[in-house]
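# Structure assessment
Chain by chain, the residues run as shown.
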Amino acid sequence: MQPGPGQRIATAAWPCSRHAGDGAALSSDVTVKLQEYHAKTLLARAGLPVPPYSVASTPAEAWEQAAAYFDDGAGAVVVKAQVLVGGRGKAGGVKLARSAEEAQAHAEAILGMDIKGITVRRVLVAPGADIQRELYLAAVLDRTAQRIMLMGSAEGGVEIETLAEEDPDAIVKVHAHPQLGLQPFQAREMAFRLGLGDHLKEAAAICTGLVKVAQDEDADLVEINPLAVVREAGPEGPVDTLQLLDAKMTLDDSALGRHPGHEEMRDLDEEDPADIEARAADLSFIRLDGNIGCMVNGAGLAMTTMDLVKRAGGEPANFLDIGGGARSDKVAEAMRLILSDHSVQAILVNIFGGIARGDEVARGLVEARSKQTRSVPMVVRIVGTNADIAAEILEESGAEIVTAESLDEAVEKAVELAGSAA
Ligand code: GDP
Ligand code: MN
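What counts, and at which threshold
Residues numbered from 1 in each chain as written. Chains lettered and ligands numbered in written order. Predicted model: local features only at pLDDT ≥ 70, side-chain atom pairs only at ≥ 80, totals over all residues. Heavy atoms only, no water. Buried < 20%, exposed > 50% of the residue type's maximum accessible area, 1.4 Å probe, protein only. Helix = DSSP H or I, 4+ residues; strand = E, 2+ residues; numbered from the N terminus. Pairing = 2+ DSSP bridges. Donors = N, O, S within 2.8 Å, 3.2 Å for Na, K, Ca; no water. Axes fitted to C-alpha atoms, helices over the stretch in contact; angles between N-to-C directions. Left-handed = near helix turned anticlockwise from the far one by under 90°. Contact = heavy atoms within 4.5 Å. Nonpolar A, V, L, I, M, F, W, Y, C, P; charged D, E, K, R; others polar. Salt bridge = Lys/Arg side-chain N within 4 Å of Asp/Glu carboxyl O. Domains from an automatic or database assignment. Buried area = accessible area lost by both parts, 1.4 Å probe. Arc of directions from axis to C-beta.

### So, the pairing of strand E7 (residues 123-127)
Taking burial as the measure, the five residues of E7 include four buried ones, the bulk of the element. With three bridges connecting them, strand E2 (residues 54-56) and E7 associate as antiparallel partners. Bridge pairing in E7 links Ala56 to Val123. With five bridges connecting them, strand E3 (residues 77-81) and E7 associate as antiparallel partners.

As structure tokens, then:
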């Protein structure tokens, strides 16, 4: 569904990428967000300097893990909520402890806490870092440039979106070559521009490593905030090193098949249930903000339909491609998904029967109609293979379905019905 080089997709309704990143011109898929501890697993595996960590789901476990870090000589332990939202620190989800008992008390407070609507079920426990400086570094897929872009800022810890708005010049950007990755001179330049001249080798290795992780793992975002200069006691006095203290990663879900290990890192509890159901039913489904539910076969037809809805003054509630050759049960499942969105006020079904047979779709629609718990007006346009049988099935079913001869007519009716219902 991605456009090739030079191609353009003209739909105004097309969902733009859900995550920030100024290159995010087009994203056809739902990205999979990884919890910090999973992202850190992948980063550590790539040889990047991630401090030790463990995961606890009870205060007692947190006590045990913290006690082990203190035994190893840690001066403090940090307890961090594992939820897929930013700003956990501000929300009270990141706390430092000076003893195992204190770590346990923090875990007690954080577990079960609600952060931006998500209940914390796990905490990360790690030796507390003595932070000298916080920086920001991220590898982001820049879809417009068709390259991975490394973004860095000498000011870490703050929200990058705020910084991008207030002081865009404070963000250093460099694009990696698709085959060669980040070049050594680019990595060194980034290090210097972030004021990491004293840590040149380490910083350059981290820059190169982040881009490589993004590429190797098919991630569209690998964000380290903060990348920190951390002070540790050495045999000859204090030593400062660079460490990845926080990690946020999103994966391209279309590439999950290439990474068998990634599937089990997904946190289904924090994904949209509609996304999970769509995947299980093998449907391409993306929720949008409008109130007209669309059921279409074929991605191109789906986009065209969305364009027509917009042109007629309506707003699509979703992108949904039921795929070629969909059987009636799949159609019924798609209908259930559309109806699970309570902002949907009208449904537009646009099927071009080729491999998909009109009668199968019609049967699915009638089945879905008989089971639905919410009555929403439905406009159906089916042409092509077995369209005549489809028309008979819809007619005989007695179900409340508005049929349309042409696509324009179908769109107009759907927009009108959605408007009058609103
Ligand atoms: P976020 O708020 O969700 O981005 O969570 P972070 O892991 O980035 O933590 C927020 C802030 O807590 C960081 O910017 C640090 O200032 C602080 N913090 C996190 N870990 C440590 C640590 O080990 N030691 C100290 N001193 N501060 C920490
Ligand atoms: Mn952070």
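What follows picks up the thread again.
### Considering the coordination of the manganese ion (ligand 2)
Of the protein atoms, only Asn225 (O) and Asp246 (OD) coordinate the manganese ion (ligand 2), at distances of 2.1 to 2.2 Å. Of this pair, Asn225 sits in strand E11 (residues 219-234) while Asp246 is found in the loop between strand E12 (237-244) and strand E13 (248-252), placing the two residues 21 residues apart along the sequence.

### A word on the packing of helix H2 (residues 59-71) against helix H3 (residues 100-110)
Where H2 contacts H3, the two axes come as close as 8 Å, and the packing angle between them is 145°. Where H2 crosses over H3, the two elements pack in a sense that is right-handed. The residues of H3 that touch H2, namely those facing Pro59, Ala60, Ala62, Trp63, Ala66, Ala67 and Phe70, are Ala100, Glu101, Ala103, Gln104, Ala107 and Glu108. A per-class count over the contact of H2 with H3 returns ten nonpolar, one polar and two charged.

### Side note on the sheet that holds strand E4 (residues 94-97)
Sheet architecture is open: four strands sit in the order E2-E7-E3-E4, paired in antiparallel fashion. Whereas interior strands pair on both sides, the edge strands pair on one side only; in this sheet they are E2 and E4. Each strand of the sheet is rotated relative to its neighbour by a mean of 25°, with strand direction disregarded. Each of E2, E3, E4 and E7 is contacted by H2, which is oriented at about 155° to E2, the strand it contacts most. Contacts from H3 reach E3, E4 and E7 within the one sheet, and its direction differs from that of E4 by about 165°.

### Topic: the pattern of salt bridges
Counted according to the given criterion, the structure contains 28 salt bridges. Across the pair Arg266 and Glu271 runs a salt bridge, and its minimum N-O distance is 2.9 Å. A residue is classified by how much of its surface remains accessible, and Arg266, at 8% relative accessible area, is buried. Glu271 sits in the buried class, given a relative accessible area of 14%. For Lys371, the salt bridge identified is with Glu367, shortest N-O distance 3.0 Å. Placement of both Lys371 and Glu367 in helix H11 (residues 358-371) is noted, with a separation of four residues, approximately one turn of the helix. Judged by its relative accessible area of 60%, Lys371 falls in the exposed class. Through salt bridges with shared partners, a single network forms among Glu36, Lys40, Lys80, Arg88 and Asp246.

### Considering the domain arrangement of the protein chain
Segmentation of the protein chain into domains returns domain 1 (1-15 + 26-45 + 130-269), domain 2 (52-128) and domain 3 (272-421). Once you take the C-alpha centre of each, domain 1 and domain 2 turn out to be 24 Å apart. Taken together, the 13 residues of domain 1 in the interface contact 13 residues of domain 2. Summed over both sides, the interface of domain 1 with domain 2 buries roughly 1200 Å², with 43% coming from carbon and sulfur. The largest contributions to the domain 1 side of the interface with domain 2 come from Gln35, Glu36 and Tyr37, which together make up 46% of the buried area. The interface formed by domain 1 and domain 2 holds six salt bridges in total. No other element matches the four residues that helix H1 (residues 36-45) contributes to the side of domain 1 that touches domain 2. Of the residues belonging to the side of domain 1 that touches domain 2, the class tally is three nonpolar, two polar and eight charged.

### Description of the side chain of Thr305
Its place among the elements puts Thr305 in helix H9 (residues 299-311). Leave out the neighbours within four places in its chain, and Thr305 touches Val296, Leu348 and Asn350.

### As for helix H8 (residues 273-280)
All buried positions along H8 are accounted for by Ala274, Asp275 and Ala278. Across the axial projection of H8, the buried residues extend over an arc of 100°, all falling on one side. Turned more than 90 degrees away from the buried face of H8 sit Pro273 and Ala280, all of them exposed. Residues of H8 that are buried sit in contact with strand E14 (284-287) and helix H10 (328-339). Directly beyond the C-terminal end of H8, a positive phi value near 60° is found at Asp282.

### Observations regarding the environment of Val78
Along the chain, Val78 falls in strand E3. Relative accessible area serves as the criterion here: at 13%, Val78 is assigned to the buried category. In this structure, the C-alpha to C-alpha distance between Val78 and Lys95, residues 17 residues apart in sequence, is 5.6 Å. Discounting chain neighbours no more than four positions away, the residues touching Val78 are Val94, Lys95, Leu96, Leu124, Val125, Ala126, Pro127 and Gly128.

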